[in-house]
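# Breakdown of the fold
Spelled out from the first residue to the last, the chains are:
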Amino acid sequence: MDDGEMADLTLLIEAIAAIPAIGRIRFTTSHPLEFNDRLIEAYARIPKLANFLHLPVQSGSDRILTAMKRNHTVMEYKQKMRKLRALRPDICISTDIIVGFPGETDKDFESTMKLVEEIGFDQSFTFIYSRRPGTPAASLLDDTPPEVKSQRLAHLQATINAQATRISKSMVGNARLIGEFVDVEVTEAMTNSLRGRIVTLDEKDAA
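Structural notes, computed from the coordinates. Quick caveat, the model's predicted, so the values are computed rather than measured.

### Quick word on the environment of Arg26
If you trace the backbone, Arg26 turns up in the loop between α1 (9-17) and α2 (37-45). A residue is classified by how much of its surface remains accessible, and Arg26, at 58% relative accessible area, is exposed. Sequence separation between Arg26 and Lys48 is 22 residues; the distance between their C-alpha atoms is 8.6 Å. Arg26 has contacts with Ala50 and Phe52, leaving out every residue within four places of it along the chain.

Pasting the structure below:
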């Protein structure tokens, strides 16, 4: 900035939102530490911000988060979600979760499942940990059997899919889902998506 002010992501979003030709803004922040109060508050001030956030948590266990060197806690993540939902109660939230990280116990995995249920993620990109040479985690003892990791992944994905289905079904028949560009009536709920149709001008006039 010419005046010496630090140009953070929030300031960039504000500048983009001021451009009349731009109707919707959607961004991804790769780490909870980067999702600060200024970004959260932007959801209250900037209507052009899409009603969606992808914020990777990776694990619901503080012990595993420390091993991953994530530098945030589960409580801090949940506090950010509470602040955000106070401003946008119906916001859609997706995340990334890794199962089977070296040293992950049944208790650690149960903590992850508890977090998933508490937050109620609309979607999650889930993965089984795979060792990558040269990374700090590559030297950690990884004694969890592959079949246990696969079972955990299947349980996690089934839970996420069930949550997504419940959320999607709650939208069926909602003829006033107004996006930035068109009105859509949701006609069918699927596991990870919705099916709908555009509401015509005649239908809107008759409503």
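Picking up where we left off.
### Focus: the environment of Ser61
Checked against the element boundaries, Ser61 lands in the loop between β1 (52-54) and α3 (62-67). Judged by its relative accessible area of 3%, Ser61 falls in the buried class. Residues Ser61 and Lys114 lie 53 residues apart in sequence; the distance between their C-alpha atoms is 9.6 Å. Contacts of Ser61, omitting those with residues within four sequence positions, involve Val74, Asp108, Ser111 and Thr112. Polar contacts involving the side chain of Ser61 include one to the side chain of Asp108, which spans 2.8 Å.

### Some words on the packing of aromatic side chains
What the rule picks out here adds up to three aromatic pairs. Ring geometry for Phe27 and Tyr43: centres 6.3 Å apart, planes at 45°, overall tilted. Taken together, the residues Phe27 in the loop between α1 and α2 and Tyr43 in helix α2 connect sequence positions 16 residues apart. Tyr43 sits in the buried class, given a relative accessible area of 3%.

### Things to note about the side chain of Lys78
Residue position: Lys78 is located in helix α4 (residues 74-87). Look at Lys78 and you get buried, because its relative accessible area is 15%. Ignoring anything within four residues of it in the chain, the contact list for Lys78 reads Leu115, Glu118 and Ile119.

### Here we look at the side chain of Thr126
Tracing the backbone through its elements, the reader meets Thr126 in strand β3 (residues 123-128). Within the local environment of Thr126, its side chain forms a polar contact with the side chain of Gln157, the two groups lying 3.0 Å apart. Residues within four places of Thr126 in sequence aside, it is in contact with Ile97, Leu153, Leu156 and Gln157.

### Brief notes about the packing of α1 against α2
Interhelical geometry of α1 versus α2 gives an angle of 20° and a closest axis separation of 9 Å. Judged by the angle between their axes, α1 and α2 are roughly parallel. Remark: the crossing between α1 and α2 carries right-handed chirality. On the side of α1, the interface is formed by Leu9, Thr10, Leu11, Ile13 and Glu14, while α2 contributes Arg38, Leu39, Ala42 and Arg45. Here the residues of the contact of α1 with α2 are counted per class, giving five nonpolar, one polar and three charged.

Thresholds, definitions, all that
- Residues numbered from 1 in each chain as written.
- Predicted model: local features only at pLDDT ≥ 70, side-chain atom pairs only at ≥ 80, totals over all residues.
- Heavy atoms only, no water.
- Helix = DSSP H or I, 4+ residues; strand = E, 2+ residues; numbered from the N terminus.
- Buried < 20%, exposed > 50% of the residue type's maximum accessible area, 1.4 Å probe, protein only.
- Contact = heavy atoms within 4.5 Å.
- Polar contact = N/O pair within 3.5 Å; in protein donor to acceptor, adjacent residues only side chain to side chain.
- Phe/Tyr/Trp six-rings, centres within 6.5 Å; stacked < 30°, edge-to-face > 60°.
- Axes fitted to C-alpha atoms, helices over the stretch in contact; angles between N-to-C directions.
- Parallel < 35°, antiparallel > 145°, perpendicular 65-115°, else oblique.
- Left-handed = near helix turned anticlockwise from the far one by under 90°.
- Nonpolar A, V, L, I, M, F, W, Y, C, P; charged D, E, K, R; others polar.

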